[in-house]
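Overview (structure and organization)
Each chain, written out:
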Amino acid sequence: MMSTILSERTEVRIRFNEADPLGIVWHGHYIQYFEDGREAFGKKYGLGYLNYFDQGYVVPIVNVNCDYKRSLRYGESVIVETIYENCAAAKIKFNYKLYSTVSGEMVASGSTVQVFLEKESSALQLTVPLFFEQWKEKWGIK
C-alpha cells in the first residue's frame, strides 16, 4: 500500500553574506537551505522544533548528505523542496531538492536524518514516540 507523500516548497533569497568575493554561494549554506526547508515543512504540517520540544524531545541531525550540481550566486533565489520519507525506525528522514529560480534547474539534492533524544536526559529513543506515531496517523502515513 502506498503511503501519503508529504512535501513543501519554499523560496529562499540568497543573502550577500552567503557568497564569496566572486558572488558564488559557499557550499555549507546549501545545508542551511535544507534547514529553511525543514522549518517551512514543520510550519505547514505542525512538526517544528518547538513541537518536538513541547513533547519532551530534541531532534538533532545525525546524518546529512548533499550532492552539488551547480553553483548558486548572490542575488538569485532558490526553491527548496522538502520531502518527508517515512521509516519504521525512531528517526525522521527528509529528502531535499534545490532549484534555481533563474534557470529552473536542480542545483543540489540531499537528505538528512534526525533522531529523538529525551530533552532532559539526552537519552536516545529507540522506539517511535507516541506523539510522532499520532502525527503520522493524522497525515495518513502508513
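Residues numbered from 1 in each chain as written. Predicted model: local features only at pLDDT ≥ 70, side-chain atom pairs only at ≥ 80, totals over all residues. Heavy atoms only, no water.

1. Let's talk about helix α3 (residues 130-138)
Test applied: Only protein chains enter the calculation, and the probe is 1.4 Å; a residue is then buried if its accessible area is under 20% of its type maximum, exposed if over 50%, and partly exposed in between. Each helix is a run of DSSP H or I of at least 4 residues and each strand a run of E of at least 2, with the numbering of both proceeding from the N terminus. Note that the arc is defined by the directions from the helix axis to the C-beta atoms. Should any heavy atoms of two residues lie within 4.5 Å, those residues are considered in contact.
Within the sequence span of α3, burial applies to Phe131, Phe132, Trp135 and Lys136. All buried residues of α3 fall inside an arc of 145° around its axis, so they share one side. Summarising the geometry of α3, the exposed residues directed more than 90 degrees from the buried face are Leu130 and Glu137. On its buried face, α3 sits against α1 (29-45), α2 (49-54), β2 (57-58), β4 (77-85) and β5 (91-100). Note on α3: the residue one or two positions beyond its end, Gly140, has a positive phi of about 75°.

2. Regarding the environment of Leu22
Assignment of secondary structure puts Leu22 in the loop between β1 (7-13) and α1. Sequence separation between Leu22 and Asn63 is 41 residues; the distance between their C-alpha atoms is 30 Å.

3. Thoughts on the nonpolar core
To be explicit about the condition: We define the nonpolar core as a collection of buried residues of types Ala, Val, Leu, Ile, Met, Phe, Trp, Tyr and Cys that are connected through side-chain atoms lying within 4.5 Å of one another.
Judged by nonpolar contacts, the single largest core of 31 residues is most densely connected at Tyr33, Val78, Tyr84, Leu98, Phe116, Phe132 and Trp135. Residue assignment for this core shows that the elements contributing at least two residues are α1, β4, β5, β6 (106-115) and α3. By residue number, the principal contributor to this core is α1, which donates 5 residues. Those residues in contact with Leu98 that lie beyond four places of it in its chain are Tyr30, Tyr33, Phe34, Val78, Ile79, Val80, Glu105, Met106, Val107 and Ala108.

4. Observations concerning α1
Applicable threshold: Helix span, as expected, comes to 1.5 Å for every residue beyond the first.
With 17 residues, α1 should reach 24 Å at 1.5 Å per residue; the first-to-last C-alpha distance of 24 Å fits that figure. Residues of α1 that are buried: His29, Tyr30, Tyr33, Phe34, Asp36, Gly37, Arg38, Ala40, Phe41, Gly42 and Tyr45. Directly after α1, the chain includes Gly46, whose backbone phi takes a positive value near 70°.

5. Some points on the pairing of β5
Consecutive residues of a regular strand have side chains that alternate between opposite faces of the sheet. Our working rule: The rule for pairing is simple: two strands pair if DSSP sees at least two bridges between them.
Bridging between β4 and β5 involves 8 bridges; their strand directions are antiparallel. Within β5, the position partnered with Val80 by the bridge is Leu98. In textbook terms, the turn of a hairpin is the stretch between consecutive antiparallel strands, and for β4 and β5 this stretch comprises 5 residues. Of the pairings in the sheet, the one linking β5 to β6 comprises 9 bridges and is antiparallel in character. Along β6, the bridge assignment pairs Tyr96 with Gly110.

6. A short note on the side chain of Lys136
Going by this rule: For this count, His and the chain ends are skipped, Lys and Arg are scored as positive, and Asp and Glu as negative. Salt bridges are counted wherever a side-chain nitrogen of Lys or Arg sits within 4 Å of a carboxyl oxygen of Asp or Glu.
With respect to the helices, strands and loops of the structure, Lys136 is situated in helix α3. For the buried Lys136, no salt bridge exists, and the shortest N-O distance to an oppositely charged side chain is 4.9 Å, to Glu133. Once residues within four sequence positions are removed from consideration, Lys136 is found in contact with Tyr84, Asn86, Cys87 and Ile141.

7. Looking at a nonpolar patch on the surface
What counts here: The patches reported here contain residues having more than 30% relative accessible area and no salt bridge. Joining distances are 9 Å for like charges and 5 Å for nonpolar side chains (Val, Leu, Ile, Met, Phe, Trp, Tyr). Computed with a 1.4 Å probe, the accessible areas rest on the Shrake-Rupley method; for each residue, only the protein chains presented here act as cover.
A grouping of Leu50, Phe53 and Val58 is seen on the molecular surface, where their side chains present a nonpolar patch of about 280 Å² in accessible area. In this fold, Phe53 is placed in helix α2.

8. With respect to unusual backbone geometry
Glycine aside, negative phi is the norm for most residues, and most peptide bonds take the trans geometry. Located in the positive-phi region is Ser122, a residue other than glycine, with phi close to 65°. Checked against the element boundaries, Ser122 lands in the loop between β7 (117-118) and α3.

Interpretation in functional terms is not warranted from these geometric data alone.
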